[in-house]
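Summary of structural features
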Amino acid sequence: MVDPGLYELVEKILWAVSFITIGGTLAVMFFLVFAQSIFGSKSIHSQLEVLLRQNRQICEQLKQIAQSLEKEKESKD
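Now for a look at the structure at hand. (Residues numbered from 1 in each chain as written. Predicted model: local features only at pLDDT ≥ 70, side-chain atom pairs only at ≥ 80, totals over all residues. Heavy atoms only, no water.)

**Some thoughts on the overall build of the chain**
The number of helices and strands found in the chain is two helices and zero strands. Taking 2.2 N^0.38 as the reference for a compact globule, 77 residues should give roughly 11 Å; the C-alpha atoms of the chain span a radius of gyration of 32 Å, well beyond that estimate. When its C-alpha atoms are laid out on the principal axes, the chain stretches across 110 × 20 × 10 Å. Accessible surface, the chain as shown: approximately 7500 Å² in total, 67% of it carbon and sulfur. Side-chain charges in the chain split into 8 positive and 9 negative, and the spacing between the mean points of these groups amounts to 11 Å. (Helix = DSSP H or I, 4+ residues; strand = E, 2+ residues; numbered from the N terminus. Rg over C-alpha atoms; globule rule 2.2 N^0.38 Å. Areas by Shrake-Rupley, 256 points an atom, 1.4 Å probe, with all protein chains shown as cover. Lys, Arg positive; Asp, Glu negative; His and termini not counted. Charge placed at Lys NZ, Arg CZ, Asp CG, Glu CD.)

Right under this line is the structure:
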C-alpha cells in the first residue's frame, strides 16, 4: 500500500530530525551549564563589590563631614 521510497524518505527525515533534536538538547545543556560565565556575572559581581565598598567609604566620609559641621555649629553657638 505504501510506496517503499516514501517509507525510506520518512525514515531519513526522522533520522535527520533526531540529530537536530540531540544537537538542540546539547546546545541548551551547554547554555545552562555555562550561562553564568556567558553573561559575565562574575565580572558583574566583582564590580558590584567594588561599588559596595565605595558606597561604604562615601557613607563614612559623609558621617565625618556631618560630625565636623555639627562641631562647627556648636562652637559658633
